[in-house]
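# Architecture at a glance
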Amino acid sequence: MTYTYQYQCYPDTKQKLELNYWLRVCRYWYNRQVGDRFNWWEENRTYVNSCPLVCSIAPLRDKPSRYGQQSLVPKLKTDLVRVFHSGELLDFTRLDSTVLQDVCKRADDAFKRYISSDAAGKRSGKPRFKSESSYKTMVFAMVKPSWIHLVRKNWLYLRLPKLGMIKVRMHRPIPTGAVLKRVSISRKANEWFVNLTLEDKTIPDTPLTVTEPTWENSVGIDAALEADDYLALSDGTKLPSAKPLRTSQPKLAKISTKKNSRKRGSRRRRKLAKREARQHQRIARQRKDHRYNTAHAVVRKGFDYIFVEKLNLKGLSKRNKPKQNDDGTYAANGQSRKSGLNKSWNDAAFGAFFETLEYIAEKAGSTLVKQKPAYSSRVLSYRNEDIFTDCRIRDYYDSVENVTVDRDINAAINLKRLGLGVFPSIKRRSGKIIISGDMTDSTTKQILSIFRDGNNTLASKEAPAITD
């Protein structure tokens with residue numbers, strides 16, 4: 001299995017200047033390749049409706065490709081390269097060759113995802129020219145395990161070509177038997193980080209789970225996003241949320257307002273921009289720490305199968321459609337409330353969390369399965385009735401069974417039923433849903449025991465203390 005560990009590194013002043021220069025050269029080389037591909041498109045196309053019947057067409061230039069542009073690197077190293085708009089002279093010989101080759105791969109991948117899609121089927125937008133704030137990472141594609149020169153208690157020393165020895169703080173040890181495969185260096189808010197890609201053959205690429213999913217070895221997870229709750233599990237437990245953006249927003253807004261009042265290009269504005277970047281980095285670290293801690297808390301429960309929602313996060317955080325009156329004015333469409341919900345969805349970062357959960361579950365030998373959550377939050381999990389028809393209904397008291405049903409835990413149980421194939425079939429007719437399907441008595445009793453245990457725990461917490 002291949003995984004990546006990130007550590008903070010501490011280059012000296014000379015190495016920092018050299019790394020910043022490397023980023024400048026890589027950014028120029030990336031933008032030059034992107035511009036060359038755009039120019040090829042403009043020079044080698046003719047509009048059908050404006051082309052005469054008899055015309056002379058200039059000879060077509062070969063389409064730029066990754067290896068075609070990569071072959072230009074030896075020529076660029078023969079002399080200094082002058083930047084057209086600034087007149088700056090760049091020396092490509094100061095960079096490692098594998099770093100420049102990876103820039104070619106990065107530009108080629110950007111156009112591949114734009115024209116078709118990547119291996120995962122995701123398609124991105126039109127490639128953009130990189131600025132100083134958007135190009136922050138350099139990759140050494142070909143590395144040797146001997147680059148890790150010395151490992152002490154909390155530090156390791158990494159020898160990089162044309163940079164020398166860099167001191168790295170090792171906040172967690174490198175696993176025994178892991179082999180170094182790739183190294184990348186990133187700059188974040190004036191701090192430098194090194195990413196070590198390791199290959200460990202003792203961890204299989206596929207989960208070790210060979211058993212069939214059952215009620216005992218599986219769990220359903222619902223994205224709650226209600227009050228201070230982050231996740232609801234089908235075993236009746238809830239995990240809290242962190243809300244790093246909400247808690248840090250007053251301080252971030254104060255810094256941003258002060259920065260925007262300064263003159264562009266001034267020293268004070270740059271200083272405030274660094275403070276703003278450090279605050280954003282702090283929020284990102286809090287979100288990442290909460291993501292990993294929550295994922296580990298789920299995996300430590302020991303379930304072999306984890307059923308989660310297949311969310312349409314882009315649609316959930318989408319703006320409401322405008323409502324226009326007959327006189328041309330616009331009516332209220334509830335976007336003010338929806339904006340707060342959109343911010344909460346983005347702050348929760350469920351997409352990144354499920355990716356982290358899948359990665360950690362795979363290392364632990366579990367399997368994560370995504371399910372379409374249609375009607376899972378509406379149907380009562382132990383009786384197949386349409387109860388939670390409104391999102392404002394958070395709890396439902398069943399007088400027949402004498403239990404209080406939590407909406408989020410009920411949805412998590414239904415996701416588990418979806419994964420096990422015991423969820424009822426639902427059809428919509430004339431605005432009403434028709435539920436067809438029966439459950440066994442054992443499944444009903446197991447579900448009711450979850451709600452009863454939760455009610456007993458809540459009652460014990462709310463019971464007043466008895467004093468003499």
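For the structure itself, consult the block above.
Residues numbered from 1 in each chain as written. Predicted model: local features only at pLDDT ≥ 70, side-chain atom pairs only at ≥ 80, totals over all residues. Heavy atoms only, no water.

This part covers a positive patch on the surface. On the surface, Lys251, Lys254, Lys258, Arg267, Arg268, Arg270, Lys271, Lys274, Arg275, Arg278 and Arg282 cluster together into a patch of positive charge. Elements represented by at least two residues in the positive patch include exactly helix 5 (244-260) and helix 6 (267-299). (Patch = residues over 30% accessible without salt bridge, like charges linked within 9 Å, V, L, I, M, F, W, Y side chains within 5 Å. Areas by Shrake-Rupley, 256 points an atom, 1.4 Å probe, with all protein chains shown as cover. Salt bridge = Lys/Arg side-chain N within 4 Å of Asp/Glu carboxyl O. Lys, Arg positive; Asp, Glu negative; His and termini not counted. Charge placed at Lys NZ, Arg CZ, Asp CG, Glu CD. Helix = DSSP H or I, 4+ residues; strand = E, 2+ residues; numbered from the N terminus.)

Here the focus is the sheet that holds strand 6 (residues 155-160). With antiparallel pairing, the 7 strands of this open sheet are ordered in space as 4-8-9-1-7-6-5. Of all strands in the sheet, those bounded by a partner on one side alone are strand 4 (137-140) and strand 5 (148-151). The average undirected angle you get between the axes of adjacent strands in this sheet is 30°. Relative to strand 7 (residues 164-169), strand 1 (residues 2-10) is paired through 3 bridges, and the arrangement is antiparallel. Its bridge partner being in strand 7, Gln8 is matched across the sheet by Arg169. On the sheet, helix 1 (residues 13-43) packs against strand 4, strand 7, strand 8 (179-188) and strand 9 (191-199) and is oriented at approximately 95° with respect to strand 4. (Pairing = 2+ DSSP bridges. Axes fitted to C-alpha atoms, helices over the stretch in contact; angles between N-to-C directions. Contact = heavy atoms within 4.5 Å.)

Before going further, it helps to examine the state of the cysteines. Enumeration over the complete set of coordinates arrives at 0 disulfides. Cysteine Cys9 remains unbridged, with the sulfur of Cys26 as its closest cysteine sulfur at 15 Å. For Cys9, a relative accessible area of 5% gives the class buried. (Disulfide = S-S within 2.5 Å. Buried < 20%, exposed > 50% of the residue type's maximum accessible area, 1.4 Å probe, protein only.)

Take the pairing of strand 7 next. Sheet analysis places strand 6 next to strand 7, joined by 6 bridges and oriented antiparallel. Across the sheet, the residue bridging to Arg159 is Met165, located in strand 7. Connecting the antiparallel pair strand 6 and strand 7 is a turn made up of 3 residues, with Lys162 showing a positive phi of about 65°.

On to the pattern of salt bridges, then. Under the counting rule described, the total for this entry stands at 21 salt bridges. For Glu88, the salt bridge is made with Arg24, and the minimal N-O distance between the two is 3.2 Å. In this pair, Glu88 is assigned in the loop between strand 2 (81-82) and strand 3 (89-90) and Arg24 in helix 1, connecting sequence segments 64 residues apart. Overall, the relative accessible area of 29% leaves Glu88 in the partly exposed class. Each of Glu226, Asp229, Lys238, Arg394, Asp406 and Asp408 takes part in a single network of salt bridges with overlapping partners.

All right, on to the packing of helix 6 against helix 9 (residues 350-364) then. Contact geometry for helix 6 and helix 9: axes closest at 9 Å, N-to-C directions at 45°. Overall, the two elements helix 6 and helix 9 adopt an arrangement that is oblique. Here helix 6 runs over helix 9; the crossing is right-handed. Facing Arg291, Tyr292, Thr294, Ala295, His296, Val298 and Val299 of helix 6, the residues of helix 9 in contact are Ala352, Phe353, Thr356, Leu357, Ile360, Ala361 and Ala364. (Parallel < 35°, antiparallel > 145°, perpendicular 65-115°, else oblique. Left-handed = near helix turned anticlockwise from the far one by under 90°.)

An order of 12-11-10-13-16 is seen for the 5 strands of this open sheet, with the pairing classed as mixed. Unpaired on one side and paired on the other, strand 12 (238-240) and strand 16 (367-371) mark the two borders of the sheet. On average, each strand axis in the sheet is inclined to that of its neighbour by 25°, with strand direction left out of account. Alignment of strand 10 (residues 218-226) against strand 11 (residues 229-233), held across 4 bridges, turns out to be antiparallel. Within strand 11, the position partnered with Ala223 by the bridge is Leu231. Contacts between helix 10 (residues 407-420) and the sheet are confined to strand 10, strand 11, strand 12, strand 13 (305-309) and strand 16, with strand 10 contributing the most and set at about 145° to the helix.

The subject of this paragraph is helix 8 (residues 335-348). Since the α-helix advances by 3.6 residues per turn, residues separated by three or four positions end up pointing in the same direction. In this model, helix 8 (14 residues) spans 19 Å end to end at C-alpha, consistent with the 20 Å of a helix rising 1.5 Å per residue. Tucked inside the fold, the buried residues of helix 8 contact strand 10, strand 11, helix 5, helix 6, helix 7 (313-316) and helix 9. Two residues or fewer past helix 8, Ala349 is found with a positive phi of approximately 55°. (Expected span 1.5 Å × (residues − 1).)

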